[in-house]
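Observations on the model geometry
Here is how the chains run, residue by residue.
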Amino acid sequence: MTKEELMRKAIALSKENVLNGGGPFGAVIATAEGEIVATGVNRVTSSCDPTAHAEVSAIRAATAKLGTFNLSGYEIYTSCEPCPMCLGAIYWARLDKMYYANTKTDAKNIGFDDSFIYDELELAPTDRKLPSEVLLREEAIKAFEAWTEKEDRIDY
């Protein structure tokens, strides 16, 4: 499939999801040659899972199908510019390229406004709206030390 056909598939998924009671978001993960590996739609309300965005759903489906957490060699087509969580997941999955149709401003205009998260990330933890504090770091650091010393760890 061409890039345009793959994006049209992501857009079709987003439209279909609206008709099925979900959010207007769809995603496709494909090879660089255009072979679809996995798809995903927004299932936040239907699954009661705030992380079930289209991109995350597609990444979960692709990694399960391929048996790897590393999606190097694959590309993602998403009907909308990803939110901060999905963008982070795309980077963590190591996808080679991302294509998107609607922009984050388009999403904001229909009530999916992630700008507050982008703004929060720029702030020091003490200045964010979500109260947080460091607790038991001295105990928790032991797991990091064990990881560092582990010779057969799988880096990711």
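Just above sits the structure.
Residues numbered from 1 in each chain as written. Predicted model: local features only at pLDDT ≥ 70, side-chain atom pairs only at ≥ 80, totals over all residues. Heavy atoms only, no water.

1. Some points on the packing of helix H3 (residues 54-66) against helix H4 (residues 84-93)
Axis separation between H3 and H4 bottoms out at 8 Å; the angle between their running directions is 25°. One way to sum up the angle between H3 and H4 is to call them roughly parallel. Crossing hand, H3 versus H4: left-handed. Contacts between H3 and H4 involve Glu55, Val56 and Ile59 from the first element and Met85, Cys86, Ala89, Ile90 and Ala93 from the second. Residues that form the contact of H3 with H4 fall into these classes: seven nonpolar, no polar and one charged. (Axes fitted to C-alpha atoms, helices over the stretch in contact; angles between N-to-C directions. Helix = DSSP H or I, 4+ residues; strand = E, 2+ residues; numbered from the N terminus. Parallel < 35°, antiparallel > 145°, perpendicular 65-115°, else oblique. Left-handed = near helix turned anticlockwise from the far one by under 90°. Contact = heavy atoms within 4.5 Å. Nonpolar A, V, L, I, M, F, W, Y, C, P; charged D, E, K, R; others polar.)

2. Comments concerning unusual backbone geometry
One non-glycine residue, Cys48, lies in positive phi territory at about 55°. In this fold, Cys48 is placed in the loop between helix H2 (44-47) and H3. In this structure, Arg94 is a non-glycine residue whose phi angle is positive, near 65°. Structurally, the position occupied by Arg94 is in the loop between H4 and strand S4 (97-102). Using a relative accessible area of 34% as the deciding quantity, one classes Arg94 as partly exposed. (Buried < 20%, exposed > 50% of the residue type's maximum accessible area, 1.4 Å probe, protein only.)

3. What to know about the pairing of S4
As paired strands, strand S3 (residues 74-80) and S4 are joined by five bridges and run parallel to one another. Bridge pairing in S4 places Tyr77 opposite Tyr99. The β-α-β motif built from S3, the intervening H4 and the parallel element S4 has right-handed crossover chirality. (Pairing = 2+ DSSP bridges. Right-handed = clockwise from strand over helix to strand, strands pointing away.)

4. So, the packing of aromatic side chains
This model, assessed by the stated rule, comprises four aromatic pairs. Centroid distance Phe69 to Tyr156: 5.9 Å. Interplanar angle 70°. Geometry classified as edge-to-face. Highlighted residues: Phe69 in the loop between H3 and S3 and Tyr156 in the segment after helix H7 (137-149), separated in sequence by 87 residues. Take Tyr156: its relative accessible area is 59%, and that puts it in the exposed class. Through successive ring pairs, a cluster of aromatic residues spans Phe69, Trp147 and Tyr156. In this arrangement the basic side chain of Lys104 is found over the ring face of Tyr118, its NZ or CZ atom lying 4.3 Å from the centre. (Phe/Tyr/Trp six-rings, centres within 6.5 Å; stacked < 30°, edge-to-face > 60°. Lys NZ or Arg CZ within 6 Å of the ring centre and 35° of its normal.)

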